[in-house]
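Reading the structure
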Amino acid sequence: FGPANVGANYMFYDGFTSAAGTFLLSKIVAQDVYEAHIPPPNHHHLNSTSIDERLRDEDDLTCFGSGCFQMTHWIVAAMTVTCIVTSLAMQIVTRSVYREKIKAAQEHDHAN
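About the criteria used
Residues numbered from 1 in each chain as written. Predicted model: local features only at pLDDT ≥ 70, side-chain atom pairs only at ≥ 80, totals over all residues. Heavy atoms only, no water. Helix = DSSP H or I, 4+ residues; strand = E, 2+ residues; numbered from the N terminus. Areas by Shrake-Rupley, 256 points an atom, 1.4 Å probe, with all protein chains shown as cover. Expected span 1.5 Å × (residues − 1). Bend = angle between axes of the 7 residues up to and from the residue. Buried < 20%, exposed > 50% of the residue type's maximum accessible area, 1.4 Å probe, protein only. pLDDT = per-residue confidence, 0-100. Phe/Tyr/Trp six-rings, centres within 6.5 Å; stacked < 30°, edge-to-face > 60°. Axes fitted to C-alpha atoms, helices over the stretch in contact; angles between N-to-C directions. Parallel < 35°, antiparallel > 145°, perpendicular 65-115°, else oblique. Left-handed = near helix turned anticlockwise from the far one by under 90°. Contact = heavy atoms within 4.5 Å. Nonpolar A, V, L, I, M, F, W, Y, C, P; charged D, E, K, R; others polar. Patch = residues over 30% accessible without salt bridge, like charges linked within 9 Å, V, L, I, M, F, W, Y side chains within 5 Å. Salt bridge = Lys/Arg side-chain N within 4 Å of Asp/Glu carboxyl O.

1. Things to note about the overall build of the protein
- Scanning the protein from N- to C-terminus turns up three helices and zero strands.
- For the protein, the N- to C-terminal ordering of α and β elements is α-α-α.
- Counting only carbon and sulfur atoms, one obtains 65% of the accessible surface of the protein, whose full area is about 9,100 Å².

So this is what it looks like as structure tokens:
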């Protein structure tokens, strides 16, 4: 930590977390939700009344309909709301610290 390692620290906190979040959401969450909506092998959906099931490819590896990614959407939305709430909480908690720093800097400028 410190001025000599600002770039490395920034890339760890910004770069690594972005890469890890992207991997987690796009590869693990989205894939698991999508695969959970694919019917098991030998699933006879020809007699189904659901349009989503009748539109599936013959190989049963493709999912159609809003259910394929709906849970992924809600997970990402919940994470976004969580980030907003924690950001606002952090801003409220640290507001007094930054006020004091600004006040001290202004007093220092007026003294010089």
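2. Thoughts on helix 1 (residues 6–36)
- Taking 1.5 Å of rise per residue, 31 residues should cover 45 Å, and helix 1 covers 43 Å from first to last C-alpha, within 8% of that figure.
- The largest bend along helix 1 measures about 30° and falls at Phe12.
- Buried residues of helix 1: Asn9, Val29, Ala30 and Val33, and no others.

3. So, helix 3 (residues 67–111)
- Taking 1.5 Å per residue, 45 residues should reach 66 Å; helix 3 reaches 65 Å between its end C-alpha atoms and fits that length.
- Maximum bend of helix 3: about 45°, positioned at Thr94.

4. Quick word on the confidence of the model for the protein
- Of all residues in the protein, 80% attain a pLDDT of 70 or more, and the chain-wide mean is 80.
- When mean pLDDT is compared element by element in the protein, helix 3 scores highest at 90, while helix 2 (residues 51–54) scores lowest at 52.

5. A word on the packing of aromatic side chains
- Evaluation of the coordinates by the stated rule reveals one aromatic pair.
- Centre to centre, the rings of Tyr34 and Phe69 are 5.4 Å apart; their planes meet at 35°, and the pair counts as tilted. Taken as a pair, Tyr34 in helix 1 and Phe69 in helix 3 lie far apart in primary sequence, 35 residues in all.

6. A closer look at the packing of helix 1 against helix 3
- For the pair helix 1 and helix 3, the least separation of the axes is 7 Å and the interaxial angle reads 140°. What the angle tells us is that helix 1 and helix 3 run oblique. Considering how the two elements wind past one another, helix 1 and helix 3 form a crossing that is right-handed. Of helix 3, the residues touching helix 1 (which contributes Leu25, Val29, Ala30, Val33 and Tyr34) are Gly67, Cys68, Phe69, Met71, Thr72, Ile75, Val76 and Met79.
- Each residue belonging to the contact of helix 1 with helix 3 can be placed in one class, and the counts come to 11 nonpolar, two polar and no charged.

7. As for a nonpolar patch on the surface
- On the surface, a nonpolar cluster with roughly 360 Å² of combined accessible area is contributed by Phe12, Tyr13 and Phe16.
- Its location among the elements puts Tyr13 in helix 1.

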